[in-house]
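Overview (structure and organization)
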Protein chains: 2
Amino acid sequence: MSSTGTDELLALRLRALAHPARLAILRALAETERCQCGEIVRGLPLAQSTVSQHLKVLKEAGLITGTIEGPRSCYCLDREAFASLARQVGPLLARLSGEGGEPRAACSPGPQEDALV
Amino acid sequence: MSSTGTDELLALRLRALAHPARLAILRALAETERCQCGEIVRGLPLAQSTVSQHLKVLKEAGLITGTIEGPRSCYCLDREAFASLARQVGPLLARLSGEGGEPRAACSPGPQEDALV
DNA sequence: TGATCTCATCGTTGATCGACGATAAACGAT
DNA sequence: ATCGTTTATCGTCGATCAACGATGAGATCA
């Protein structure tokens, strides 16, 4: 497996997560379940336009949904997207962390026998 | 909670993960458990200097360790770092995905079909 | 109608990323 | 001592990011 194409999407979503401001936005959305953009702006030390950009990034990554509702916008988490991401990231991190729990001999024990395929 | 300072480290690590080439490198390290940089280069459509740069990013994020061993280098996963990352990301994604499983009423209450992308 | 509020988008600026070739450093082998 | 191999680093270039202010589009309210 290794999935060449899927990695693009996975990387896109991880990149969307990989910013302190966006993490803060997501946490705010999770806590309040409210969607007002203005409230998020007031909770962060960033300009309104900057927050709007971050929201756009999150929306394009498919992590949140945005709905124009009258003069204001309603943002909220796409729970299913995060569940799907968890199903992808969970096993990946498990595998990278050793998973089964074999000793694994770290990296270089010293006398590196042959190797090579 | 949410700790403003921790988000910096979390974002750093997520950003290190958020690149297809680096995902491929990590998978290669997880599969072969071998550390030769040259082997990784031969397995990717990238120049040696580019791979070296990616390895540097991963190392600076604390996700892998690199040991100079004679003329060659020995890279391998920092299993503990990935375990720690999993302990951080797992609950986060669980929370963002709804966790408890309450209905949560989605976002928009009104009958506005889609609007917006 | 006009004023106001909310938010998205545009345009700009400086910083960082991603890729590459070229080069240098460390070591083993000849 | 001199090669050849392996890897890190440097310098460059184009693309993208992150932040901001300014502007514009909708919708509500006076």
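Here's a quick rundown of the structure. Just so you know, these numbers come straight off a predicted model, no measurement behind them.

In this section: the side chain of R13 of chain B. Residues and elements named next belong to chain B. The residue R13 is located in helix α1 (residues 4–17) in this model. Buried and unpaired, R13 has no salt bridge, with D78 as the nearest side chain of opposite charge at 6.4 Å. Apart from the residues lying within four places of it in its own chain, the contact partners of R13 are A61, G62, L63, A81, S84 and L85.

Below, the discussion takes up the protein's contact with DNA strand D. Around DNA strand D sit 19 residues in total, of which H54 of chain A together with G38, Q48, S52 and Y75 of chain B are the nearest. Each atom of DNA strand D within 4 Å of the protein was assigned to sugar, phosphate or base; sugar and phosphate come to 65%. Q48 of chain B has a polar side-chain atom sitting 2.9 Å from a base nitrogen of DNA strand D. Where the surface near DNA strand D is concerned, the elements lending two or more residues are α4 (48–60) of chain A together with α3 (37–43), α4 (48–60) and β2 (72–77) of chain B. In terms of residue class, the surface near DNA strand D is made up of six nonpolar, 11 polar and two charged.

We now examine the pairing of β2 of chain B. All names here are of chain B. Sheet analysis places strand β1 (residues 64–69) next to β2, joined by six bridges and oriented antiparallel. If you follow E69 over to β2, its bridge partner there is R72. Here β1 hands over to β2 after two residues, with G70 in that stretch at a positive phi of 70 degrees.

Take helix α5 (residues 79–96) of chain B next. All names here are of chain B. Spanning 18 residues, α5 covers 25 Å between terminal C-alpha atoms, matching the ideal 26 Å at 1.5 Å per step. What α5 keeps buried is the set R79, A81, F82, A83, L85, V89, L92, L93 and L96. After α5 finishes, the residue G98 shows a positive phi value of roughly 115 degrees.

Before going further, it helps to spend a moment on the pattern of salt bridges. In the structure shown here, the tally under the stated rule is four salt bridges over all chains. E80 of chain A serves as the salt-bridge partner of R87 of chain A, at 3.1 Å between the closest nitrogen and oxygen.

In the neighbourhood of DNA strand C, 19 residues make up the surrounding shell, with G38, Q48, S52 and Y75 of chain A together with H54 of chain B lying closest. When atoms of DNA strand C within 4 Å of the protein are sorted by moiety, sugar and phosphate together comprise 67%. A distance of 2.8 Å separates a phosphate oxygen of DNA strand C from a polar side-chain atom of S52 of chain A. At 3.3 Å from a base oxygen of DNA strand C is found a side-chain nitrogen or oxygen belonging to S49 of chain B. Only α3 (37–42), α4 and β2 (72–77) of chain A together with α4 of chain B provide two or more residues apiece to the surface near DNA strand C. Of the residues contributing to the surface near DNA strand C, the split by class is six nonpolar, 11 polar and two charged.

Rules used throughout
Residues numbered from 1 in each chain as written. Chains lettered and ligands numbered in written order. Predicted model: local features only at pLDDT ≥ 70, side-chain atom pairs only at ≥ 80, totals over all residues. Heavy atoms only, no water. Helix = DSSP H or I, 4+ residues; strand = E, 2+ residues; numbered from the N terminus. Buried < 20%, exposed > 50% of the residue type's maximum accessible area, 1.4 Å probe, protein only. Lys, Arg positive; Asp, Glu negative; His and termini not counted. Salt bridge = Lys/Arg side-chain N within 4 Å of Asp/Glu carboxyl O. Contact = heavy atoms within 4.5 Å. Near = heavy atom within 4 Å. Polar contact = N/O pair within 3.5 Å; in protein donor to acceptor, adjacent residues only side chain to side chain. Nonpolar A, V, L, I, M, F, W, Y, C, P; charged D, E, K, R; others polar. Pairing = 2+ DSSP bridges. Expected span 1.5 Å × (residues − 1).

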